[in-house]
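Commentary on secondary and tertiary structure
For reference, the chains in residue letters:
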Amino acid sequence: MSPRFNVRPATRRDLPAIARFWRRSVLSTKVTYEKEDTEADLLAKLEQRYPSDWSVEVVETEGALIAFFALNRHEAVLEQIFVDPDHQGQGIGLDLLDRAKAAFPTGLTLWTDERNTRARAFYEREGLTCLRLVKHPVANLYRAHYRWTPATSRDH
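The following refers to the structure shown. (Residues numbered from 1 in each chain as written. Predicted model: local features only at pLDDT ≥ 70, side-chain atom pairs only at ≥ 80, totals over all residues. Heavy atoms only, no water.)

Secondary-structure assignment places Asp113 in strand E5 (residues 108–113). The class of Asp113 is buried, set by a relative accessible area of 7%. Aside from chain neighbours lying at most four places away, what touches Asp113 is Val31, Tyr33, Arg120, Leu141, Tyr142 and Arg143. (Helix = DSSP H or I, 4+ residues; strand = E, 2+ residues; numbered from the N terminus. Buried < 20%, exposed > 50% of the residue type's maximum accessible area, 1.4 Å probe, protein only. Contact = heavy atoms within 4.5 Å.)

So, in structure tokens, the structure goes:
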């Protein structure tokens, strides 16, 4: 990661800023949902899951939070990974994905909306394999289930 970026563990004070750019990042995918999560919904999700279920790290630059990832260390799941749209394409997502792989050296899984073609291409380019598409239990959409193991990884 570039020296102009700092990665650190999140604090409770960070949660509103995380929810704000998480929402911006979701909107930038152009994938729409019957019920869109608001910034308040995302903040509530963060407050519910952090720190009991999720280990969260943030990326900051010049005092602003611009990316985060959330790991479920109990189940080796990369629960969330989002980069603010103004900072995408700078290697930040790749650095966070590499950190997730290092946290789970025997492998990890993640889920993404099957319509999020940019994220899916990124995951596949970085050595994750799509295991299956699964209908969401509530929403009328499909989610792609990915797995990474060192054996499926490609060198950068």
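All right, on to the pairing of strand E3 (residues 64–72) then. Most of E3 is tucked away: eight of the nine residues are buried. As defined by bridge partners, strand E2 (residues 55–61) adjoins E3 across seven bridges and the pair is classed as antiparallel. Note on E3: the bridge partner recorded for Ser55 is Leu71. Between E2 and E3, which pair antiparallel one after the other, the connecting turn spans two residues, and Glu62 there sits at a positive phi close to 50°. Pairing between E3 and strand E4 (residues 77–83): six bridges, direction antiparallel. Bridged to Ala70 within E4 is Gln80. (Pairing = 2+ DSSP bridges.)

For the rest of this paragraph, the subject is the nonpolar core. Across soluble globular proteins, nonpolar side chains show a tendency to be buried alongside one another. Grouped together as the largest cluster of nonpolar side chains are 24 residues, with contacts concentrated most on Val59, Leu78, Ile92, Leu108, Tyr123 and Leu128. Only E3, E4, helix H3 (92–103), E5, helix H4 (117–125) and strand E7 (142–148) provide two or more residues apiece to this core. Setting aside residues no more than four positions away along its own chain, Leu78 makes contact with Phe69, Ala70, Leu71, Leu97, Ala100, Leu108, Thr109 and Leu110. Grouped together as the second largest cluster of nonpolar side chains are 17 residues, Val26, Leu46, Tyr50 and Phe82 included. (Core = buried A, V, L, I, M, F, W, Y, C linked by side-chain atoms within 4.5 Å.)

The next subject is the pattern of salt bridges. Any two side chains of opposite charge can pair, so long as their charged atoms come close to each other. Tallied over the full model, the rule gives 13 salt bridges. The shortest N-O distance in the salt bridge between Arg23 and Glu36 comes to 3.5 Å. Remark: Glu36 occurs in the loop between helix H1 (15–28) and helix H2 (39–49) and Arg23 occurs in helix H1; sequence separation between them is 13 residues. A salt bridge links Arg49 to Asp53, with the nearest nitrogen and oxygen atoms 3.2 Å apart. Residue classification places Asp53 among the partly exposed positions, given a relative accessible area of 31%. (Salt bridge = Lys/Arg side-chain N within 4 Å of Asp/Glu carboxyl O.)

This brings us to the packing of H1 against H2. Any two packed helices are characterised by how steeply their axes cross, that is the angle between the axes, and by the distance between the axes. Between H1 and H2, whose axes approach to 8 Å, the crossing angle comes to 130°. The orientation of H1 with respect to H2, classified from their angle, is oblique. As for the relative orientation of H1 and H2, their crossing is right-handed in sense. Here Leu15, Pro16, Ile18, Ala19, Arg20, Trp22 and Arg23 of H1 lie close against H2, whose contacting residues are Glu39, Leu42, Leu43, Lys45, Leu46 and Glu47. When its residues are assigned to classes, the contact of H1 with H2 shows eight nonpolar, no polar and five charged. (Axes fitted to C-alpha atoms, helices over the stretch in contact; angles between N-to-C directions. Parallel < 35°, antiparallel > 145°, perpendicular 65-115°, else oblique. Left-handed = near helix turned anticlockwise from the far one by under 90°. Nonpolar A, V, L, I, M, F, W, Y, C, P; charged D, E, K, R; others polar.)

Structural measurements only, silent on function.
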